[in-house]
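Chain by chain, the residues run as shown.
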Amino acid sequence: MPFIRISYLENQYDHRQLKQISESIMHALIQHFRVPADDCFHVFQAHKPEEFFYNRHYLNVERTDGLVFIQVTCKSGRSMEQKTKFYGEVAATLASAIPMRKEDVFIVLVENEFEDWSFGNGDAQMLHKPSGKHREIKSSAREAYGELAPAFVNYSENVLFGDVWRREQLSLRDRSMITVAALVAGGMTEQLSYHLRLAQENGASREELVEAITHLAFYTGWPRAASALSVVKHVLVTTEEE
């Protein structure tokens with residue numbers, strides 16, 4: 001549900017370029033913030049020179065009149081890794097598509113909560129979204145146990161992932177972190193690979209997962225945490241390097 005406000009100096013960019021800027025930002029939001037493709041609310045503001053002030057050298061970044069201010073108002077909860085990857089993706093994409101100097105891509109995130117949004121009708125829609133709005137998660141049970149245990153597959157697909165995981169009281173990221181913690185605490189590393197990948201899809205960074213397991217070591221035991229970190233190394237580190 002981000003709201004994007006882009007400010008720039010008039011006559012610097014034409015309509016085609018503004019459309020490319022919007023599309024580039026949206027692509028990065030989808031990729032790094034898991035924003036739905038239809039959640040697009042962007043406003044451009046062109047300013048006269050007497051309305052547009054900036055320091056050309058602040059923090060050793062050399063800016064020009066091609067500068068764009070991109071303000072992203074969004075729900076809190078993204079990790080530092082997600083944010084920095086978002087910044088890098090936007091700057092790199094705009095530098096290629098417009099083209100625009102990376103130094104002229106100024107981004108600021110403004111975070112808030114569900115109660116701070118009204119999408120129309122004077123209603124706080126995000127406070128009472130219909131149940132089942134979380135995206136569908138594909139269970140691996142059918143591939144693993146389809147012919148052996150059809151009832152198990154049915155419960156996995158239709159109850160666990162079809163109902164429990166899609167309840168709105170917890171975010172998908174929270175459910176993933178809880179699940180990973182439970183698996184680590186129980187020493188159930190066989191299921192951990194799937195849920196580590198799912199946790200990343202749901203917005204948890206590798207650094208956050210490692211930190212959670214490190215924290216759990218003091219409560220669940222060092223050997224279980226060490227076994228879990230071995231899975232993390234294989235699934236989230238070795239795989240990325242290949």
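As the structure is a prediction and not an experimental result, all values here were calculated from the model.

A.B. asks: I'd like a rundown of the packing of aromatic side chains, residues and numbers included.
C.D. replies: Enumeration according to the criterion identifies 13 aromatic pairs in this entry. Taking 5.0 Å as the distance between ring centres and 75° as the angle between the ring planes, the aromatic pair formed by Phe69 and Phe106 counts as edge-to-face. Residue Phe69 is located in strand E3 (residues 68–75), and its partner Phe106 is located in strand E4 (residues 105–112); the two are separated by 37 residues in the primary sequence. Its relative accessible area of 23% is what places Phe69 among the partly exposed residues. Residue classification places Phe106 among the partly exposed residues on the basis of a relative accessible area of 36%. Through successive ring pairs, a cluster of aromatic residues spans Phe52, Tyr54, Phe69 and Phe106.

A.B. asks: Got a sec to walk through the pairing of strand E2 (residues 42–47)? Specific residues and values, please.
C.D. replies: By the bridge criterion, six bridges tie strand E1 (residues 3–9) to E2 in an arrangement that is parallel. Looking at the pairing, Tyr8 lines up with Ala46 of E2. A crossover connection joins E1 to the parallel E2 through helix H1 (residues 15–33); in handedness this β-α-β unit is right-handed.

A.B. asks: Quick one: what's the story with the layout of surface pockets, residue by residue and with numbers?
C.D. replies: Its boundaries defined by the atoms lining it, the second largest pocket holds a volume of some 320 Å³. What lines the second largest pocket is a set of 16 residues, and nearest its centre among them are Ser140, Ala141, Tyr145, Gln191 and Tyr194. Elements represented by at least two residues in the lining of the second largest pocket include exactly helix H3 (141–145), helix H4 (150–160) and helix H6 (192–201). Per element, the largest residue contribution to the lining of the second largest pocket is four residues, and it comes from H4. Classifying every residue of the lining of the second largest pocket gives nine nonpolar, six polar and one charged.

A.B. asks: Describe in detail the nonpolar core, supporting the description with residues and values.
C.D. replies: Core analysis: the largest hydrophobic core is formed by 25 residues, its most contacted members being Ile25, Leu29, Ile70, Val72, Phe86 and Val90. Listing elements by their share of this core, those giving two or more residues are E1, H1, E3, helix H2 (80–97) and E4. In terms of residue count, H1 provides more of this core than any other element does, seven residues in total. Beyond its immediate chain neighbours, meaning those up to four positions away, Val72 contacts Pro2, Phe3, Ile4, Leu29, Phe86, Ile107, Val108, Leu109 and Val110.

A.B. asks: Lay out the packing of helix H5 (residues 172–185) against helix H7 (residues 206–220) with the relevant residues and their values.
C.D. replies: At their nearest, the axes of H5 and H7 sit 10 Å apart, and the two run at 40° to each other. Taken together, H5 and H7 sit at an angle that is classed as oblique. Seen from above, H5 lies across H7 with right-handed handedness. Facing Arg173, Met177, Val180, Ala181, Val184 and Ala185 of H5, the residues of H7 in contact are Glu208, Leu209, Ala212, Ile213, Leu216 and Thr220. Of the residues assigned to the contact of H5 with H7, the class counts are nine nonpolar, one polar and two charged.

A.B. asks: Hey, could you go over the sheet that holds E3 for me, with residue numbers and the actual values?
C.D. replies: Pairing is mixed across the open sheet formed by four strands, whose spatial order is E2-E1-E3-E4. The sheet is open, and its two edges are formed by E2 and E4, each paired on a single side. With strand direction ignored, the average angle separating the axes of adjacent strands in the sheet is 15°. Judged from the eight bridges that link them, E3 and E4 form a sheet pairing that is parallel. Opposite Gln71, over in E4, you have Val108 as the bridge partner. Contacts from H1 reach E1, E2, E3 and E4 within the one sheet, and its direction differs from that of E2 by about 140°. The sheet contacts of H2 involve E3 and E4, and relative to E4 the element is tilted by about 145°.

What counts, and at which threshold
- Residues numbered from 1 in each chain as written.
- Predicted model: local features only at pLDDT ≥ 70, side-chain atom pairs only at ≥ 80, totals over all residues.
- Heavy atoms only, no water.
- Phe/Tyr/Trp six-rings, centres within 6.5 Å; stacked < 30°, edge-to-face > 60°.
- Helix = DSSP H or I, 4+ residues; strand = E, 2+ residues; numbered from the N terminus.
- Buried < 20%, exposed > 50% of the residue type's maximum accessible area, 1.4 Å probe, protein only.
- Pairing = 2+ DSSP bridges.
- Right-handed = clockwise from strand over helix to strand, strands pointing away.
- 1 Å grid on protein atoms, 1.4 Å probe; cavity = no way out; pocket = protein on both sides within 12 Å on 5 of 7 lines; lining within 4 Å.
- Points joined across faces, edges and corners; volume = space filled by probe spheres on them.
- Nonpolar A, V, L, I, M, F, W, Y, C, P; charged D, E, K, R; others polar.
- Core = buried A, V, L, I, M, F, W, Y, C linked by side-chain atoms within 4.5 Å.
- Contact = heavy atoms within 4.5 Å.
- Axes fitted to C-alpha atoms, helices over the stretch in contact; angles between N-to-C directions.
- Parallel < 35°, antiparallel > 145°, perpendicular 65-115°, else oblique.
- Left-handed = near helix turned anticlockwise from the far one by under 90°.

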